[in-house]
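# Fold and contact review
The primary structure of each chain is shown beneath.
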Amino acid sequence: MTTKETISEVLEKSYPYGFLTDIETEKIPKGINESIVRLISQKKNEPEFLLDFRLKALRQWQKMKEPEWANLNYPHIDYQDIIYYSAPKDIEKKSSLEEVDAEILETFNKLGIPLNEQKRLSNVAVDAVFDSVSIATTFKEKLGKEGVIFCSISEAVQKYPDLVKRYLGKVVPINDNFFAALNSAVFSDGSFVFIPKNTQCPMELSSYFRINSGDTGQFERTLIVAEESSSVSYLEGCTAPMFDTNTLHAAVVELVALDDASIKYSTVQNWYAGDKDGKGGIYNFVTKRGRCKGNRSKISWSQVETGSSITWKYPSCLLEGEDSIGEFYSVALTNNKQIADTGTKMIHLGKNTKSTIISKGISAGHSKNSYRGLVQISPKAIGAKNYSQCDSLLIGDQAEANTYPYIQSKQKDASIEHEASTSKISEDQLFYLQSRGIGNEEAISMMVSGFCRDVFNHLPMEFASEADSLLGLKLEGSVG
Amino acid sequence: MTSKKIILEIKNLYASIENKLILNGVNLTVNEGEIHAIMGRNGSGKSTLSKIIAGDPIYTINKGEIYYENQNIEDLEPEERSNKGIFLGFQYPVEIPGVKNIDFLRVAVNSRRKDLNQSELDTFEFEEWVEDKLDIVKMNKSFLDRAVNEGFSGGEKKRNEILQMALLQPNLSILDETDSGLDIDALRIVASGINRLHSEKKATILITHYQRLLNEIKPDFVHIMENGKIIKTGGKELAIELEESGYEAIQNESKIS
C-alpha cells in the first residue's frame, strides 16, 4: 500500500522569510525607565506633547499588571531585558531611495516588496518599516497631489504635529491595557495616514513591517484618519527572521472615521512562528481599534493571521455614529505549537449601528486556536444589528479550537445572531480528492481555501491570492 | 485472434484494515474493452477491493500484487493512480464544503492532462469543455457553481461521479454501487452515461448488489464475491441465477465444487 504522508507531515515546512540581514544597527541600552523613554523621544527629536504622552503612559504602565486571563501560557517576559529602540545606522531620513542601504533594499526585494521606482507594485503605495524605523515610503508625491498624507509616524510628528496631537491616543487610551500603555511609552515608528474630506484615496496603501534584530522589542504605532466622505484601503504585512528566542511585538493601531468615511484595514500577518517544537517566534500582542465617530461611517477589518508563536489581538470597532458599520473578517491559521487568541469587539453606541463578524479558525499540528469576541449593545443603540459567524476547522487530531462569544445587550430591540461550527478535514475527504489526481498538499490547501472563501472575498484583490497561497505554504507538510 | 491488452491484473491479493483480514486471495484479470460486474453481499469485500485498487491508504496489503497496464501499482499514491487513468466512482461521494465544483473539476482534469502530456486548460477553456460533458449525465450548469457534493441529493452525487469519469477519461473505471439509492430515471441516466464512456480501449468494473443495473449495462463477466474472495465467475446469466436463487445457493454450490 502507499506510504501515507500524515497531515502533520504536510504541515511542517520551512519559513522562507527567516533570513537575517547583516547590517550595522544603532541600539540603545536594554531596559525601560524614564531616562530610556526620554532618550527615545530625544533621538526622534519629538515635540514636548509627545514626550509628555510617553511619560504619562510609562507611569500608567508601571502601575499595571500583565494580563493573564487568556491563559496563553508563555514564559514570563523580562521587560528590563528588551531593547526598546533599534535602527539601521545612518538611516534617519533619506530623501531618496538611492541613499538607502543596499542590504535593506535587497531585504525588501527578497520579501517581494520592491521599493525601487521601476519595480514597484503598480497600484500600491508602500511604507517599509525595518526594525524600529521607516525606511521608505513610495508614491508620496502622487498621493500628495490628492492631499493624502502617507508617511511614517515619526515624520508625521515632525511635519503634522497638530494632526498627530489631535488623534493620537484618542481611540486607544494610554491606559487601555498593559501592552497599549507599554507601546504608548516606547513606540518607535509605524505609519500615519490622513485622508482629507471628500477624497477617495487613489491607490491601496500598504505598510510592510520587518523585524530584523533578535533582542529588540517591536512597538509600532499606526494612526489612520479618514475625514468626512473620504475612503481608504490599507494593508499591512509582516515578517521576521528565525531566532530561537522570542521577540515581543506590541503594536497599537488606531483608526478614526468621520461622517460618511470608510476605512478598510487588511492584515496579512506572517511573523516567524517558531520551529515545530515551539522554540522561538514572535509574541504578537497587539491592540487594534477603530472608531466610527461619524454618522454612516464604516470600518472594516480583514485579517489573515498565519505567523507568530502567540497571537493575541482583537481588532475592534466603536460604533458611535448613527448608522455606522463595523466589520471583522478573519482567517487565523495555527500549526505546530502556535497559539492564537483572536477575535473582535463590536461596541454599538449609536442608533442603527450594524456589525458583521466572520471568523475562520484553522488549527493544525499541536496548535491552539481560539476565537474570542464581544458584541456589546448600549441602551442608546436603538435598532442595532449584529451577525456573527465563527467556524473552526481542525486538521489532524492533536489541534485545539475554541470559541468564546460574549454578547451583552442592554437594548431589547437589538438583533443579534450568532452561528458557530467546528469541522475537521477527514481522511475520507482527502482520499476523495487524491483519487481525483489531486496531491495531498494541494487537496488540503484546496479545502482550507474553500473554508476561508467568505473571508478572502473581502480582501483587496491584489492580496486575496497572496493570502491564499500563504495558507497553502503554511500548511505544506501537514497531511495524514 | 488478436490478444487484448490487459488493463488490470490482481494476483492472490490479501488485504486488511486494523489487522482484520478483508481480502482473502483475490484473483482477477480485466482486459481492455471488457465490462466486469462484481456482486456479493454486504461485507463480502467488494468495496474494499475497489478502494484498494484506487489506493486508499487505510488498507494494508498483506500479500499479492496489483498490476495496472503491466505496472505494479502498490507503491503509487492515489493521485498517481488517478493520473494514470484509474477512476473510482464512490459509493458515498464526499462533500467538500466551500470548494466550487467547477474549480475542483478543473484541478482534477488538469492534473490528469499533465500526465497525458496535454496542455492545462484555463478557467475559460475549461468552462467550455465541461459544458459539453454535462449532457452525458443530464446535469444543469448550476451544479458547477455549487460546492462539491454539498447539499446534493443521492442521485446528484452519483451523477457528479459520472461527470468526473467523463472528464478524467480513465482507462479503468471502477464504479462502486453507483446504482444504489437511485430511482429508475436516475439509474437510466447514470447507466447510459457509463455505456457512452465505455469503449474498446477501456475497461469497466461495476460493483453492485442488484441485477437491475445489469439490465442497463451488459457485463462480459460476472463475479461473485464472498468472504474476501471471488467464489464464482460466469457470464450475464450468473447475475440472473443469483437474483433467482440467492447468494446462499451459490455459496453452497461453490463449497461442493
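What this report covers is the structure whose coordinates are included nearby. Because the structure is predicted, anything quoted here is derived from the model rather than measured. (Residues numbered from 1 in each chain as written. Chains lettered and ligands numbered in written order. Predicted model: local features only at pLDDT ≥ 70, side-chain atom pairs only at ≥ 80, totals over all residues. Heavy atoms only, no water.)

## So, the overall build of chain A
For clarity, the cut-off: Where helices and strands are cited, they refer to DSSP runs of H or I of at least four residues and of E of at least two residues respectively, numbered from the N terminus. Whether two residues are in contact is decided by their heavy atoms: any pair within 4.5 Å suffices. Only the protein chains shown count as cover for residues, with accessible areas throughout obtained via the Shrake-Rupley method and a probe of 1.4 Å.
Check the secondary structure of chain A and you find 11 helices and 24 strands. Counted over contacts in chain A with a minimum sequence separation of 6, partners at least 24 positions apart contribute 84%. When the accessible surface of chain A is summed, it comes to about 18,100 Å², and 47% of that surface belongs to carbon and sulfur atoms.

## Observations concerning the overall build of chain B
Stated precisely, the cut-off is as follows: To get the radius of gyration, use the C-alpha atoms; to get the globule rule, take the number of residues to the power 0.38 and multiply by 2.2 Å. Any residue under 20% of the maximum accessible area for its type is buried, any over 50% is exposed, and the rest in between are partly exposed; the area is computed with a 1.4 Å probe on protein chains only. Charge assignment in this entry is limited to Lys and Arg as positive and Asp and Glu as negative, and neither His nor the chain termini are counted. Taken as the charge centre is NZ of Lys, CZ of Arg, CG of Asp or CD of Glu, depending on the residue.
In terms of helices and strands, chain B carries 8 helices and 12 strands. Taken over C-alpha atoms, the radius of gyration comes to 18 Å for chain B, in line with the 18 Å a tight globule of 257 residues would show. With respect to the principal axes defined by its C-alpha atoms, chain B has extents near 60 × 45 × 40 Å. When each of the 257 residues of chain B is scored for burial, the buried share is 57%. Considering only contacts in chain B between residues 6 or more positions apart, those separated by 24 or more positions represent 69%. In the form shown here, chain B has an accessible surface area of approximately 11,400 Å², with 45% of it arising from carbon and sulfur atoms. Both charge centroids of chain B, one from 32 positive and one from 42 negative side chains, sit 2 Å from each other.

## Focus on the sheet that holds strand 1 (residues 6–17) of chain B
Residues and elements named next belong to chain B. Threshold: What makes two strands pair is DSSP finding at least two bridges between them. Only C-alpha atoms enter the line fits that serve as axes; for helices the fit covers just the stretch in contact. Angles between N-to-C directions range over 0 to 180 degrees.
Strand order across the open sheet formed by 4 strands is 2-1-4-5, with antiparallel pairing between neighbours. Of all strands in the sheet, those bounded by a partner on one side alone are strand 2 (20–31) and strand 5 (71–72). Pairing of strand 1 with strand 2 involves 9 bridges; the strand directions are antiparallel. Following the sheet pairing, Ile6 is matched in strand 2 by Asn31. Across the sheet, helix 1 (residues 46–54) lies against strand 1, strand 2 and strand 4 (60–68), angled at about 115 degrees from strand 1, the strand it touches most.

## Quick notes on the pattern of salt bridges
All names here are of chain A. Heads up, the condition is: We count a salt bridge whenever a side-chain nitrogen from Lys or Arg sits within 4 Å of a carboxyl oxygen from Asp or Glu.
Within this structure, the stated rule accounts for 28 salt bridges over all chains. A salt bridge links Lys298 to Glu327, with the nearest nitrogen and oxygen atoms 3.7 Å apart. Of this pair, Lys298 sits in strand 14 (residues 298–305) while Glu327 sits in strand 17 (residues 325–334), and the two are 29 residues apart along the sequence. For Glu327, a relative accessible area of 12% puts it in the buried group. The salt bridge involving Glu305 is made with Lys313; its shortest N-O contact spans 2.5 Å. This pair shows no difference in class: Glu305 is buried, exactly as Lys313 is. If you follow the salt bridges from partner to partner, you end up with Lys360, Asp391 and Asp454 in one network.

## Some details on the interface of chain B and chain A
Often the size quoted for an interface is simply the accessible area lost on bringing the parts together. Basically, it comes down to this: Accessible-area loss on putting two parts together, using a 1.4 Å probe and summing over both, is the definition of buried area adopted here. What qualifies as a polar contact is a pair of N or O atoms within 3.5 Å, subject to a donor-acceptor requirement within protein and to the restriction that residues adjacent in sequence count only when both atoms come from side chains. Under this grouping Gly is polar, as are all residues other than the nonpolar Ala, Val, Leu, Ile, Met, Phe, Trp, Tyr, Cys and Pro and the charged Asp, Glu, Lys and Arg.
Contacts between chain B and chain A engage 40 residues on the former and 22 residues on the latter. The contact between chain B and chain A buries some 2,500 Å² in all, and 63% of this surface belongs to carbon and sulfur atoms. In this assembly, chain B and chain A are joined by 1 salt bridge. Close ionic contact of Glu161 of chain B with Arg436 of chain A constitutes a salt bridge, the shortest N to O distance being 2.6 Å. Linking chain B to chain A there are 12 residue pairs in polar contact (both at pLDDT 80 or more). The set of elements that each furnish at least two residues to the side of chain B that touches chain A consists of helix 1, strand 4, helix 2 (78–83), strand 6 (86–89), strand 7 (96–100), helix 3 (101–115) and helix 5 (154–168) of chain B. The residue inventory of the side of chain B that touches chain A, partitioned by class, reads 20 nonpolar, 9 polar and 11 charged.

## A word on a negative patch on the surface
Convention followed: Residues enter a patch when their relative accessible area is above 30% and they make no salt bridge; the linking distance is 9 Å between like charges and 5 Å between nonpolar side chains (Val, Leu, Ile, Met, Phe, Trp, Tyr).
On the surface, a cluster of negative charge is made up of Asp122, Glu125, Glu127, Glu128, Asp132 and Asp135 of chain B. Within the element layout of this structure, Glu125 of chain B appears in helix 4 (residues 123–134).

## Some words on the sheet that holds strand 10 (residues 203–208) of chain B
Residues and elements named next belong to chain B. On the basis of which strands lie adjacent, the open sheet formed by 6 strands has the order 6-9-10-3-11-12 and mixed pairing. At either end of the open sheet lies a strand with only one pairing partner, and these are strand 6 and strand 12 (229–234). Across the sheet, the mean angle from the axis of one strand to that of its neighbour is 20 degrees, orientation sign disregarded. In this sheet, strand 12 lies alongside strand 11 (residues 221–226) in antiparallel orientation, the contact comprising 5 bridges. In the strand pairing of strand 12, His223 is matched with Thr233. In the packing of helix 5 onto the sheet, contacts are made with strand 6 and strand 9 (172–176), and the angle to strand 6 comes to roughly 170 degrees.

## A closer look at the packing of helix 2 (residues 34–43) of chain A against helix 3 (residues 48–63) of chain A
All names here are of chain A. To keep it simple, the criterion reads: In what follows, roughly perpendicular refers to angles from 65 to 115 degrees, roughly parallel to angles under 35, roughly antiparallel to angles over 145, and oblique to any angle outside these ranges. Crossing chirality is assigned from the near helix's rotation relative to the far helix, an anticlockwise turn below a right angle marking it left-handed and a clockwise turn marking it right-handed.
Direction vectors running N to C along helix 2 and helix 3 enclose 155 degrees, while the axes themselves pass 10 Å from each other. Between helix 2 and helix 3, the angle is such that the two are roughly antiparallel. As for how helix 2 packs across helix 3, the hand of that crossing is right-handed. Of helix 3, the residues touching helix 2 (which contributes Glu34, Val37, Arg38, Ile40 and Ser41) are Leu51, Arg54, Leu55, Leu58 and Arg59.

## A word on helix 10 (residues 440–456) of chain A
All names here are of chain A. This is how the line gets drawn: Helix span, as expected, comes to 1.5 Å for every residue beyond the first. Bending is quantified residue by residue as the angle between axes fitted to the seven-residue window ending at that residue and the seven-residue window starting at it.
In this model helix 10 runs 22 Å from its N-terminal to its C-terminal C-alpha over 17 residues, within 8% of the 24 Å that 1.5 Å per residue would give. When the local axis directions of helix 10 are compared, the greatest deviation, roughly 40 degrees, occurs at Gly450. With 12 of its 17 residues buried, helix 10 lies for the most part within the structure. The set of residues buried in helix 10 consists of Asn440, Ala443, Ile444, Met446, Met447, Val448, Ser449, Gly450, Phe451, Cys452, Val455 and Phe456.

## Examining the packing of aromatic side chains
As a reminder of what qualifies: Any two of the Phe, Tyr and Trp rings considered here, Trp counted by its six-membered ring, make a pair once their centres fall within 6.5 Å; the pair's planes then place it as stacked at under 30 degrees, edge-to-face at over 60, or tilted in between. Lysine NZ or arginine CZ positioned within 6 Å of the ring centre and within 35 degrees of the ring normal marks a charge as sitting over the ring.
Taken as a whole and judged by the stated rule, the model has 17 aromatic pairs over all chains. Plain terms: the ring middles of Phe431 of chain A and Phe90 of chain B are 5.6 Å apart, the flat faces sit at 55 degrees to each other, and that makes the pair tilted. Of this pair, Phe431 of chain A sits in helix 9 (residues 427–434) while Phe90 of chain B sits in the loop between strand 6 and strand 7, each in a different chain. In this structure Phe431 of chain A comes out as buried when scored by relative accessible area, which is 4%. Among the aromatic residues, those joined into a cluster by ring pairs are Trp61, Tyr79, Phe178, Phe179, Tyr283, Phe285 and Trp312 of chain A. Sitting over the face of the ring of Phe187 of chain A, Arg54 of chain A holds its NZ or CZ atom 4.2 Å from the ring centroid. The aromatic ring of Trp129 of chain B is capped on one face by Arg113 of chain B, whose charged end is 5.9 Å from the ring centroid.

Purely spatial values, then, with no claim about function.
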